[in-house]
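Here's the letter readout for the chains.
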Amino acid sequence: MDVMGVATSAKDSGRSGNPSLLFEYALKFLLISAFLELVLYRLASRMGMHMAKLAEKSEAIRLTFKTLSSLGFVLLNVTSILLFLVLFILLIEKFKPSIWTGSFDRLLVPSVSLLIVITIVFLVFPPAMLGSVIYNIVSLAIFLILMAEFFVSHRLWSQRITVGCFVLGIFGWIYYQTVTTSYGLLGILDAPPLVHEISRGGEAFLVLASILVFWSYGSTSLFTKNKTQRKWALTLLASGGITFFTMLYIDFFLSLYNPALAEDARKAGEGLGWIFQMGMGYTFYLPFALYLAGFICWAYTVIKLVLIGRLAGYGLGLMFMAGYALQLSHLTMMVVVGLILMTIDKRGTLGKLRNKIGEPVVYSPVTPVLGGIR
C-alpha cells in the first residue's frame, strides 16, 4: 500500500474547503484597510469639517486633517479593490462542489453578481434616483437570502437572533433611503409613512446586535473550570458594568458636581454625535452608554475570533465597520462579504486552525496475522 499516497490524500482532504493564501491575506488586509478607512476617512475627515474654524487659525491643524483625509481616500480605493477581490474568490468557491457551498447559492450567486455589475456601472455612470432605488432593493434581497442561509446553517438561537437583529437594523436604513428616494422620484412632497420611526428602530436594532455578538460569539461561561478564562470573564463583566453605568449617569453626576462642566460635556457629546452621524449614520438618540457597550462587546468579540482564525470575526468586523448608513457602494459590499463569511464560518478557518486541519494523517501499516498481499 502507498503510504505517501495516503498521507497526501489525507492532507489534501484536510485542506479541501479551506481558503487559499490569496484569500487569507486579502481578507486580513481588507479588515485592516477597512478599519483605517473608517478612522481616517469617514471619521477624521468629518472631524476636520467640525473643527473648520480652529483649522483656519492653525496651519498645522489644517495640513494634518488634509493629509488624513487624503490618506483615507486612498484607503477607500484600496478597501474597494480588496472587497472585489475577496468577493470574486467567494463566488468562485461557490461554483465548486465544496463545503463552502450553501443551500441558497442558486439565488445568492446571481444576485451578488448583479450587484457587482450594477456597482461597476454606477462607478462609470453615477446613478440617479431610480438607480439608487434599484441598488437598495437588490441589496436588501441579498441580505435576506444570506440571513436565510445563516438560519439554515446555524442552529444556535443566540447566533440567529444576533444576525436577525443586524438585518432588521439594516432594513431600517434601506427603508428610509428607498421610500424617501421613491417619493422624490414621484414628486410627492408628503413625508413617507413611519419613515423616521423605522429609521430610528433600525439604529436601535443595530446597536442591540453589536451587544448581542458578545453573547452569541464571544462570551465565556462564568462556571468554566479554566481559571484564566473565568478571571478574564469576571474582569470584563465588572469593568464593563462599571463603565456602562458610569456613562449612563455621567450627565447626572456632572450636573451635581458642576453644572457648567455638565453643559460643556453635552456640547462635546453633540459634536461627537455629529461626527459619527456623518461617518457611520448613528444619530446617538439612544443613551451613549448603549453605543459604548456595543462597541466594547463588538471589539472584544472580533479580536477574539480573529486571533483564533474564525471567519465570523472577519465577518462581524466588516459588517459593523460599514456602519448604519450605507451611503457608499463599498459599504454595502462590506456587509455582503461579512454576511457571506458568517454563513461559511463553520465550514472553513484561517491561520492556525487552517494549518492544523492541513496536517497529514500518520499512517502506520499493520502486518496481517495470516499473511496477505503486500
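The residue count restarts for each chain, going from 1 along the sequence in the order it is written. This being a predicted model, a pLDDT of at least 70 is required before a residue's local features are given, and a value of 80 or more before pairs of side-chain atoms are given or counted; all residues contribute to the totals for chains, interfaces and linings. Neither water nor hydrogens contribute to the side-chain values; these are computed over all heavy atoms in the structure.

### Things to note about the overall build of the protein
- Across its full length, the protein carries 15 helices and zero strands.
- Here's how the labels work: a residue is buried when its accessible area is under 20% of the maximum for its type, exposed when over 50%, partly exposed in between, all with a 1.4 Å probe on protein chains only. The burial tally for the protein puts 43% of its 374 residues in the buried class.
- Contacts are assigned to residue pairs with any non-hydrogen atoms lying within 4.5 Å of each other. A separation of at least 24 residues holds for 76% of the contacts in the protein among residues at least 6 apart in sequence.
- Under the convention used here, a 1.4 Å probe and the Shrake-Rupley method define accessible areas, while residue burial counts only the protein chains that appear. Surface summary for the protein: the accessible area is close to 20600 Å², and the carbon and sulfur share equals 71%. Secondary structure elements follow DSSP: runs of H or I no shorter than four residues count as helices, runs of E no shorter than two count as strands, and numbering proceeds from the N terminus.

### Examining the packing of helix H12 (residues 288–307) against helix H13 (residues 311–321)
- Throughout, an axis means a line fitted to C-alpha atoms (over the contacting stretch in the case of helices), and angles, computed between N-to-C directions, take values from 0 to 180 degrees. Their axes nearest at 7 Å, the elements H12 and H13 cross at an angle of 145°. Once H12 is placed against H13, the crossing between them reads as left-handed. Of the residues in H13, those in contact with Trp 298, Thr 301, Val 302, Leu 305 and Val 306 of H12 are Ala 312, Gly 313, Tyr 314, Leu 316, Gly 317, Phe 320 and Met 321.
- For the contact of H12 with H13, a count of residues per class yields nine nonpolar, three polar and no charged. Definitions for this section: a left-handed crossing has its near helix turned counterclockwise from the far helix by less than a right angle. A right-handed crossing has that turn clockwise. In this classification, Asp, Glu, Lys and Arg are treated as charged, Ala, Val, Leu, Ile, Met, Phe, Trp, Tyr, Cys and Pro as nonpolar, and every other residue, Gly included, as polar.

### Concerning the pattern of salt bridges
- Only one rule defines a salt bridge in this text: a Lys or Arg side-chain nitrogen within 4 Å of an Asp or Glu carboxyl oxygen. By the definition in use, this model includes four salt bridges.
- Across the salt bridge formed by Lys 28 and Glu 24, the nearest N and O atoms sit 3.1 Å from each other. Here the residue Lys 28 and the residue Glu 24 both occupy positions in helix H2 (residues 21–50), the gap between them amounting to four residues, near one helical turn.

### Observations regarding the packing of helix H8 (residues 195–218) against H12
- Packing of H8 against H12 brings their axes to within 8 Å, and their N-to-C directions diverge by 40°. As judged from the angle between their axes, H8 and H12 are oblique. For the element pair H8 and H12, the recorded crossing hand is left-handed. Taking contact as the criterion, the partners of Glu 203, Val 207, Ser 210, Ile 211, Val 213, Phe 214, Tyr 217 and Gly 218 in H8 are, on H12, Leu 290, Tyr 291, Ala 293, Gly 294, Cys 297, Trp 298, Tyr 300, Thr 301, Lys 304 and Leu 305.
- Along the lines of polarity and charge, the residues of the contact of H8 with H12 split into 12 nonpolar, four polar and two charged. Each angle gets one of four labels, with under 35 degrees taken as roughly parallel, over 145 as roughly antiparallel, 65 to 115 as roughly perpendicular, and the rest as oblique.

### A look at a nonpolar patch on the surface
- On the surface, Leu 21, Tyr 25, Phe 29, Ile 32, Phe 35, Leu 36 and Val 39 cluster together into a nonpolar patch covering about 660 Å² of accessible area.
- Relative to the helices and strands, Ile 32 is located in helix H2. Residues enter patches when their relative accessible area tops 30% and they take part in no salt bridge; the joining distance is 9 Å for like charges and 5 Å for the nonpolar side chains Val, Leu, Ile, Met, Phe, Trp and Tyr.

### Looking at the environment of Arg 106
- By secondary structure assignment, the location of Arg 106 is in helix H5 (residues 105–124).
- For Arg 106, a relative accessible area of 79% puts it in the exposed group.
- Expressed as a C-alpha distance, the spacing of Arg 106 and Lys 94, which sit 12 residues apart in the sequence, is 9.5 Å.

### Brief notes about H13
- The element H13 is largely enclosed, with a buried count of 11 among its 11 residues.
- When H13 is considered as a whole, its buried residues turn out to be Leu 311, Ala 312, Gly 313, Tyr 314, Gly 315, Leu 316, Gly 317, Leu 318, Met 319, Phe 320 and Met 321.
- One or two steps after H13, the chain reaches Gly 323, where phi turns positive at roughly 85°.

### Re the environment of Leu 316
- Relative to the elements of secondary structure, Leu 316 occurs in helix H13.
- The sequence separation of Leu 316 and Leu 339 amounts to 23 residues, and the corresponding C-alpha distance is 8.0 Å.

### Remarks on the nonpolar core
- Core analysis: the largest hydrophobic core is formed by 74 residues, its most contacted members being Leu 27, Phe 166, Leu 316, Leu 318, Phe 320, Val 336 and Leu 341.
- A total of 10 residues in this core trace back to one element, the largest contributor, which is helix H14 (residues 329–343). Buried residues of nine kinds, namely Ala, Val, Leu, Ile, Met, Phe, Trp, Tyr and Cys, make up a nonpolar core once their side-chain atoms join them within 4.5 Å.

### Points about the side chain of Asn 136
- Looking at where Asn 136 falls in the secondary structure, it is placed in helix H6 (residues 129–153).
- Residues in contact with Asn 136, not counting those within four places in the same chain, are Ile 174, Gln 177 and Thr 178.

### Side note on the side chain of Thr 181
- If you trace the backbone, Thr 181 turns up in helix H7 (residues 157–186).
- Here the side chain of Thr 181 touches Gln 177 through a polar contact of 2.6 Å, landing on its backbone oxygen.
- For Thr 181, the residues in contact, after removing those within four places along its chain, are Met 129, Ser 132 and Val 133. Each polar contact in these results corresponds to two N or O atoms within 3.5 Å; when the atoms are within protein, one needs to be able to donate a hydrogen and the other to accept it, and residues that are neighboring in sequence are counted only if both atoms are side-chain atoms.

### Overview of unusual backbone geometry
- You will see that Leu 194, though not glycine, has its phi angle at about 55°, which is positive.
- Here Leu 194 is to be found in the loop between H7 and H8.
- At Phe 284, a residue that is not glycine, the phi angle is positive and equals roughly 60°.
- With respect to the element layout, Phe 284 can be found in the loop between helix H11 (259–280) and H12.

### Re the packing of aromatic side chains
- Centres within 6.5 Å are what make two rings of Phe, Tyr or Trp a pair, Trp counting through its six-membered ring; a difference in plane orientation under 30 degrees is then read as stacked, over 60 as edge-to-face, and the rest as tilted. Enumeration over the complete set of coordinates arrives at 11 aromatic pairs.
- Ring geometry for Phe 166 and Phe 320: centres 5.2 Å apart, planes at 65°, overall edge-to-face. A residue pair is termed long-range when its members are at least 10 positions apart, and Phe 166 in helix H7 and Phe 320 in helix H13 qualify at 154 residues. The same class applies to Phe 166 and to Phe 320, which are both buried.
- Taken together, the ring pairs connect Trp 173, Tyr 176 and Tyr 324 into an aromatic cluster.
- For the cation-ring pair, Lys 28 lies above Tyr 25, with the distance from its terminal atom to the ring centre recorded as 5.3 Å.
- For the cation-ring pair, Arg 160 lies above Trp 157, with the distance from its terminal atom to the ring centre recorded as 4.9 Å. Look at NZ for Lys and CZ for Arg. If either is within 6 Å of the ring centre and within 35 degrees of the ring normal, a charge sits over the ring.

### Here's the deal with the confidence of the model for the protein
- With 67% of its residues at a pLDDT of 70 or more, the protein shows a mean pLDDT of 77.
- What pLDDT expresses is the predictor's confidence in each residue, scored from 0 to 100. Within the protein, the element-level pLDDT minimum falls on helix H1 (residues 3–15), averaging 41, and the maximum on H14, averaging 93.
- Overall, residues 1–17 carries pLDDT values under 50, and its contacts beyond four positions in sequence, including any with other chains, amount to 16 contacts.
- Taken together, the stretch residues 352–374 has pLDDT below 50 and engages in 18 contacts with residues farther than four places along the chain or on a different chain.

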